[in-house]
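Chain residues, written in single-letter form:
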Amino acid sequence: MSTPSQTKSSTRVSLREEQKRTTRAKLLEAARTQFANRGYAAVTIDDIVSDVGCSRATFYLHFPAKIDALLAQANSQVGPSAVTIYQDLDQVLATGSRDEFSAWIMRALDWFSEYSELFQAWDEATTLEPEFRSIAREGIATLPDSMTQYLSRWPDDRREEARLRVELLATQLERFFTRWVTFGTIDGSAELAVRVLTDVWYPALTVPAR
C-alpha cells in the first residue's frame, strides 16, 4: 500500500513527464512550422525556442541538434505513413487492376499534399547534413521492403530490379509533386496527372513473365 508521500512523489513524476512530453510536442510543432515556412538552412534553434517560449537548454534536453527535430518528424509521422501508402500499393498491384492503380496514384498525391510543406526542408537537410543522407536512403529502402507480395512475384535474379522500380516510382512522384504543386513549374490537372502517371508506371511495375 502506497504512503501519502509516495503518492505525492509519483504524482510529481507524472506531472514532470507530462510537461516534458508537452514541451517536446511544442518544439516539434514550432520546428515543423519554421521549416515549412523558411526551409531547413535558414532556421536556427533560437527561432524554434522563441516560438515556444523556452530556452536553448530546454531544446537540448529533447534534441541534440536541429537536424534531430527534423528526424523526429520523419520517424514519427512521415516515415510510418509512407510505409502504409506502399503497403497499400502492394495490395493494389496484387489485384492486377489498372483502375485500382489509378486510384492509388490519387491517394499517393494526396499523401504528398499532406506533407508538401516539409519537402524543401528535407532536400536542404539532405544536402547539408551528411547523417541525413544515410537516414533518407534507409527511409526510401523501407518502401520496397513493405511490398512483400510484389517482390515475391519477381524472379530471384531480378529482385533488385523490382526494388529499384519501386524506389524510382517514389522518387519520381515526389519530384513531380514538388514541381507541380510546390513550385508550380508543371501545369496540368490532377486528372491528367493521374492518367499520365498511370500510363507510365502501371506497365513499369508489371511483373515479368517467368
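Residues numbered from 1 in each chain as written. Predicted model: local features only at pLDDT ≥ 70, side-chain atom pairs only at ≥ 80, totals over all residues. Heavy atoms only, no water.

Asker: How do you make sense of the packing of aromatic side chains when you look at a structure like this?
Answerer: The geometry of an aromatic ring pair is captured by two quantities: the separation of the ring centres and the angle between the planes. Scanning all chains against the criterion turns up 12 aromatic pairs. With centroids separated by 5.8 Å and ring planes inclined at 85°, the aromatic side chains of Phe59 and Tyr60 adopt a geometry described as edge-to-face. The class of Phe59 is buried, set by a relative accessible area of 0%. Ring plane angle 50° and centroid distance 5.4 Å describe the contact between Phe59 and Phe63, whose orientation is recorded as tilted. Ring pairs connect the aromatic residues Trp111, Phe112, Tyr115, Phe176, Phe177 and Trp180, which therefore count as one cluster. Across from the ring centre of Tyr40, 4.0 Å away, lies the NZ or CZ of Lys66, which sits over that ring. (Phe/Tyr/Trp six-rings, centres within 6.5 Å; stacked < 30°, edge-to-face > 60°. Buried < 20%, exposed > 50% of the residue type's maximum accessible area, 1.4 Å probe, protein only. Lys NZ or Arg CZ within 6 Å of the ring centre and 35° of its normal.)

Asker: I keep staring at the environment of Pro130 and nothing clicks. Help me out?
Answerer: Positionally, Pro130 belongs in helix H7 (residues 130-145). Accessibility expressed as a relative area gives 52% for Pro130, which makes it exposed. (Helix = DSSP H or I, 4+ residues; strand = E, 2+ residues; numbered from the N terminus.)

Asker: In this structure, what is going on with the nonpolar core? I would like to understand it.
Answerer: The tendency in soluble globular proteins is for nonpolar side chains to be buried side by side. Within the largest apolar cluster, 56 residues are counted, with the highest numbers of intra-cluster contacts made by Phe35, Tyr86, Phe101, Trp104, Tyr150 and Leu173. Broken down by element, this core gets its largest block of residues, 12 residues, from helix H4 (residues 66-95). (Core = buried A, V, L, I, M, F, W, Y, C linked by side-chain atoms within 4.5 Å.)

Asker: What is the right way to read the pattern of salt bridges from this model?
Answerer: Side chains that differ in sign of charge can pair as their charged atoms come close. Within the structure shown, the criterion is met by 12 salt bridges. Between Glu167 and Arg137 there is a salt bridge; the shortest N-O distance is 3.5 Å. Taken together, the residues Glu167 in helix H9 (residues 159-182) and Arg137 in helix H7 connect sequence positions 30 residues apart. Take Glu167: its relative accessible area is 12%, and that puts it in the buried class. Overall, the relative accessible area of 44% leaves Arg137 in the partly exposed class. For Asp156, the salt bridge goes to Arg159, with nearest N and O atoms at 2.6 Å. Exposure remark for Asp156: the relative accessible area of 65% places this residue in the exposed category. By sharing partners, the salt bridges in this structure join Asp123, Glu174 and Arg175 into a single network. (Salt bridge = Lys/Arg side-chain N within 4 Å of Asp/Glu carboxyl O.)

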